[in-house]
Amino acid sequence: MRRSFVATGGTVLASKLALDSKLACNTAGGSHHANYDGGAGYCVFNDVAVAAHYLLDRGLANRILIVDLD
């Protein structure tokens, strides 16, 4: 569980850093297979969705594009 929290927090941090530096990466992220009502594909939380909501809720972004290439 701790790994899931830390990885999700890392994706949120990377999204905030990307706003300033224009590029950031969380190599522990990628837990994006979870759904709004439960985990899936070994993912407890959807870290990409959490980061997107974080930015939107705080007015740090107006729109977000997520490109999933796997």
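Residues numbered from 1 in each chain as written. Predicted model: local features only at pLDDT ≥ 70, side-chain atom pairs only at ≥ 80, totals over all residues. Heavy atoms only, no water.

## Describing the packing of aromatic side chains
Put simply, the test is: Pairing of aromatic rings covers Phe, Tyr and Trp, the last through its six-membered ring, and needs centres within 6.5 Å; plane angles under 30 degrees mean stacked, over 60 mean edge-to-face, and all others mean tilted. A run of H or I in DSSP becomes a helix once it reaches four residues, and a run of E becomes a strand once it reaches two; helices and strands are each numbered from the N terminus. Per-residue accessibility, obtained with a 1.4 Å probe over protein chains only, is compared with the maximum for each type, and a residue is labelled buried under 20%, exposed over 50%, and partly exposed between these values.
All told, the structure shown has one aromatic pair when counted by the stated rule. When the centroid spacing of 5.1 Å and the interplanar angle of 40 degrees are considered together, the rings of Phe-5 and Phe-45 count as tilted. Of the two residues, Phe-5 sits in helix H1 (residues 2–21) while Phe-45 sits in the loop between H1 and helix H2 (47–57), which places them 40 residues apart along the sequence. Taking the relative accessible area as the measure of exposure, Phe-45 reaches 24% and is therefore partly exposed.

## Observations concerning the environment of Val-44
Summarising the element assignment, Val-44 is placed in the loop between H1 and H2. Distance from Val-44 to His-33, taken between C-alpha atoms, is 8.4 Å for residues 11 residues apart in sequence.

## Concerning the packing of H1 against H2
To keep it simple, the criterion reads: All axes are obtained by fitting lines to C-alpha atoms, using only the stretch in contact for helices, and the reported angles, taken between N-to-C directions, cover 0 to 180 degrees. Each angle gets one of four labels, with under 35 degrees taken as roughly parallel, over 145 as roughly antiparallel, 65 to 115 as roughly perpendicular, and the rest as oblique. In this scheme the crossing of two helices becomes right-handed for a clockwise turn of the near helix relative to the far one and left-handed for an anticlockwise turn of less than a right angle. Here, residues are in contact when the closest pair of their heavy atoms is within 4.5 Å.
Where H1 contacts H2, the two axes come as close as 8 Å, and the packing angle between them is 45 degrees. The angle between H1 and H2 places the two elements in the oblique class. In this structure, H1 meets H2 at a crossing whose hand is right-handed. Residues Thr-8, Thr-11, Val-12, Ser-15, Lys-16 and Leu-19 of H1 pack against Asp-47, Val-48, Val-50, Ala-51, Tyr-54 and Leu-55 of H2.

## Points about the environment of Ala-49
Its place among the elements puts Ala-49 in helix H2. Relative accessible area serves as the criterion here: at 27%, Ala-49 is assigned to the partly exposed category. Residues Ala-49 and His-33, spaced 16 residues apart in sequence, show a C-alpha to C-alpha distance of 10 Å.

## Some remarks on H1
Put simply, the test is: Every helix has an expected span of 1.5 Å times one less than the residues it contains. Throughout, the arc means that of the directions going from the helix axis to the C-beta atoms.
The end-to-end C-alpha distance of H1, which contains 20 residues, comes to 28 Å, matching closely the 28 Å that a straight helix rising 1.5 Å per residue would cover. Along H1, the positions that sit buried rather than exposed are Ser-4, Ala-7, Thr-8, Thr-11, Val-12, Ala-14 and Ser-15. Taken around the axis of H1, the buried residues stretch over an arc of 155 degrees, which confines them to a single face. Residues of H1 that are exposed and point over 90 degrees away from its buried face: Arg-2, Arg-3, Phe-5, Val-6 and Asp-20. Among the structural elements, H2 are those in contact with the buried residues of H1. Looking one or two places after H1, you find Lys-22, whose phi comes out positive at around 75 degrees.

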